[in-house]
Amino acid sequence: MKNLALSRSSLIEVALLSITLIWALNFSVIKGNLDEIDPLSFNGLRFLFAAAVIWGALLWKGQSISVPRRDWLPLIGMGLLANLVYQGLFIIGIDYTYAANVAVIMGTIPIWVALIAHLFSDEKLDLLKSIGVALAFGGVVFIMLGGSKELDFGSDTFIGDLLTIAATVVWGTYTVLSRNFLKRYTALQFSAITTTIGAITLFLVGLPSMTTIAWSNVSLGAYGAVIYSGLLSIGVAYIIWNYAIQEVGAVHTATYQNLVPVLGLIFGVILLGEELAFQQYLGSALVIGGIVLARWKKSKRRNIKPQITNDRKAPSKPQREPELLEE
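On to the overall build of the protein chain, then. On a plain count of helices and strands, the protein chain comes out with 13 helices and zero strands. Seen in sequence order, the protein chain has helices and strands lined up from the N terminus as α-α-α-α-α-α-α-α-α-α-α-α-α. Per-residue burial for the protein chain yields a buried fraction of 47% across its 327 residues. Put simply, of all contacts in the protein chain between residues at least 6 apart along the chain, 89% involve residues at least 24 apart.

It should be kept in mind that the predicted coordinates are not to be read in detail where pLDDT is low. In this model, the protein chain carries an average pLDDT of 77, and 77% of its residues clear a pLDDT of 70 or more. With pLDDT under 50 throughout, residues 299-327 is counted as low confidence; its partners more than four residues away or in other chains account for 19 contacts.

One finds Phe42, Tyr86, Phe90, Trp171 and Phe190 to be the most contacted residues of the largest nonpolar core, which totals 77 residues. Counting residues per element, this core draws most heavily on helix H9 (residues 220-248), at 13 residues. The residues contacting Phe42, other than those within four sequence positions of it, are Ile30, Asn33, Leu34, Ile37, Ile91, Ala225, Val226 and Ser229.

The residue Ser233 is located in helix H9 in this model. For Ser233, the side chain forms a polar contact with the side chain of Asn26, separated by 3.0 Å.

Right, let's talk about H9 for a bit. Its 29 residues give H9 an end-to-end C-alpha distance of 39 Å, which sits within 8% of 42 Å, the value for a rise of 1.5 Å per residue. Its axis deflected by about 35 degrees at Ala237, H9 carries its strongest bend there. Where H9 terminates, the next one or two residues include Gly249, which has phi positive at roughly 100 degrees.

Moving on: the pattern of salt bridges. Tallying each qualifying case throughout the model produces two salt bridges. With its nearest N and O atoms 3.4 Å apart, the salt bridge here joins Arg70 to Asp71. One network of salt bridges, with partners in common, ties together Arg70, Asp71 and Arg184.

Our next topic: the packing of aromatic side chains. Both the distance between ring centres and the angle between the ring planes are used here to describe each pair of aromatic rings. All told, the structure shown has nine aromatic pairs when counted by the stated rule. When the ring of Phe181 is compared with that of Phe190, the centres are 5.7 Å apart and the planes differ by 20 degrees; the resulting orientation is stacked. Taking the relative accessible area as the measure of exposure, Phe181 reaches 8% and is therefore buried. Classification of Phe190 by relative accessible area gives buried; the value is 0%. What links up through ring pairs into an aromatic cluster is the set Trp23, Tyr86, Phe90, Trp171, Tyr174, Phe181, Phe190, Tyr238 and Trp241.

A few words on the environment of Asn217. The topology assignment puts Asn217 in the loop between helix H8 (187-210) and H9. Judged by its relative accessible area of 63%, Asn217 is exposed. Separated by 181 residues in the primary sequence, Asn217 and Glu36 have C-alpha atoms spaced 8.6 Å apart.

Another point: the environment of Ala244. Within the secondary structure, Ala244 is located in helix H9. For Ala244, a relative accessible area of 1% gives the class buried. Linking Ala244 and Ile12, residues 232 residues apart in sequence, is a C-alpha distance of 6.4 Å. Leaving out residues up to four positions away in the same chain, Ala244 has contacts with Ile12, Leu16, Gly249 and Thr253.

Right, let's get into the environment of Ile245. Note that Ile245 resides in helix H9. What makes Ile245 buried here is its relative accessible area of 1%. Those residues in contact with Ile245 that sit more than four places away from it in its chain are Thr175, Ser178, Arg179, Leu182, Ala250 and Thr253.

Here the focus is a nonpolar patch on the surface. Where nonpolar side chains cluster on the molecular surface, the patch consists of Tyr96, Phe158, Ile159 and Leu162 and spans about 440 Å² of accessible area. Its location among the elements puts Ile159 in helix H7 (residues 158-181). A residue is classified by how much of its surface remains accessible, and Ile159, at 53% relative accessible area, is exposed.

This paragraph deals with the side chain of Thr164. Looking at the secondary structure, you find Thr164 in helix H7. Those residues within four positions of Thr164 in sequence are excluded, and the remaining contacts are Gly93, Ile94, Thr97, Val102, Ile105 and Met106.

With that settled, the discussion passes to the packing of helix H3 (residues 69-95) against H8. Helices that pack against each other are described as a pair by the angle of their axes relative to one another and the distance between those axes. Direction vectors running N to C along H3 and H8 enclose 55 degrees, while the axes themselves pass 8 Å from each other. As the angle between them shows, H3 and H8 are arranged oblique. Both H3 and H8 take part in a crossing whose hand is right-handed. Residue-level contacts link Leu75, Ile76, Met78, Gly79, Leu80, Asn83, Leu84 and Gln87 of H3 to Phe190, Ile193, Thr194, Thr195, Ile197, Gly198, Thr201, Leu202 and Val205 of H8. For the contact of H3 with H8, the class distribution of residues is ten nonpolar, seven polar and no charged.

Each value, and the rule that gives it
Residues numbered from 1 in each chain as written. Predicted model: local features only at pLDDT ≥ 70, side-chain atom pairs only at ≥ 80, totals over all residues. Heavy atoms only, no water. Helix = DSSP H or I, 4+ residues; strand = E, 2+ residues; numbered from the N terminus. Buried < 20%, exposed > 50% of the residue type's maximum accessible area, 1.4 Å probe, protein only. Contact = heavy atoms within 4.5 Å. pLDDT = per-residue confidence, 0-100. Core = buried A, V, L, I, M, F, W, Y, C linked by side-chain atoms within 4.5 Å. Polar contact = N/O pair within 3.5 Å; in protein donor to acceptor, adjacent residues only side chain to side chain. Expected span 1.5 Å × (residues − 1). Bend = angle between axes of the 7 residues up to and from the residue. Salt bridge = Lys/Arg side-chain N within 4 Å of Asp/Glu carboxyl O. Phe/Tyr/Trp six-rings, centres within 6.5 Å; stacked < 30°, edge-to-face > 60°. Patch = residues over 30% accessible without salt bridge, like charges linked within 9 Å, V, L, I, M, F, W, Y side chains within 5 Å. Areas by Shrake-Rupley, 256 points an atom, 1.4 Å probe, with all protein chains shown as cover. Axes fitted to C-alpha atoms, helices over the stretch in contact; angles between N-to-C directions. Parallel < 35°, antiparallel > 145°, perpendicular 65-115°, else oblique. Left-handed = near helix turned anticlockwise from the far one by under 90°. Nonpolar A, V, L, I, M, F, W, Y, C, P; charged D, E, K, R; others polar.

As structure tokens, then:
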């Protein structure tokens, strides 16, 4: 059983790494094709693919969905928050600003998750978790400051930056609120419900724009971008993200968001022959160190549990066990 638990924990870490890879490519995929397909149409189409892959996984697993009447309105709210609001802010924001700006701003997601979780949930922000999140976010800042192009938060990108900041706050709120629902629904069930709500609303919002596009002139690359972004960046990634929140917590899961700009730098070195500055190597090390620290804290808590419960001398300090098992 111990080996099984270790194996599942390792699989979660690998899965989280895989979606950071998908998301790192997704920035370029989206940005490079918004000239052919406008943001509203792009969002509406890719969510159809996202909903299809999630429902396919749900049927393959043989899971059914039964929603109590009391959950309908909250679930609709979650679907609108994660998809109509967040995705709308994100895709319009990236259309109005630079990719570097978006990468820095999206790197603040763990900060928002940690703060919101600390204020409104039982996942409190302890010292080591704070250090891990701060290291990871600091790494993102070093990466972006070490680039060859200066960050530009001037007036020409102000709207895009502001929309992206709003998107990070919305996604942080959604991540924390998801934990309550993931106690009653599987990751697949929750993903299917919220993504379906998003697919319906985003398709209706994008429909007027879709009627104005000359689809015969759209390149295969742009169609491929819609499929990639829908199937992988939303469909597969949402399933993994929600499952990870369910298993390892919101703050631990959100910390992996900081790996996205790191992977973007790696792609630049391998695919484009770009050279990294010292600050970018340092930033990458800080990001990885922050994630390792967050994981080490989780493992430490698991290892302490049997020591406290099996030690017969422990009753002198009975109040420490709930604190250690808080997550």
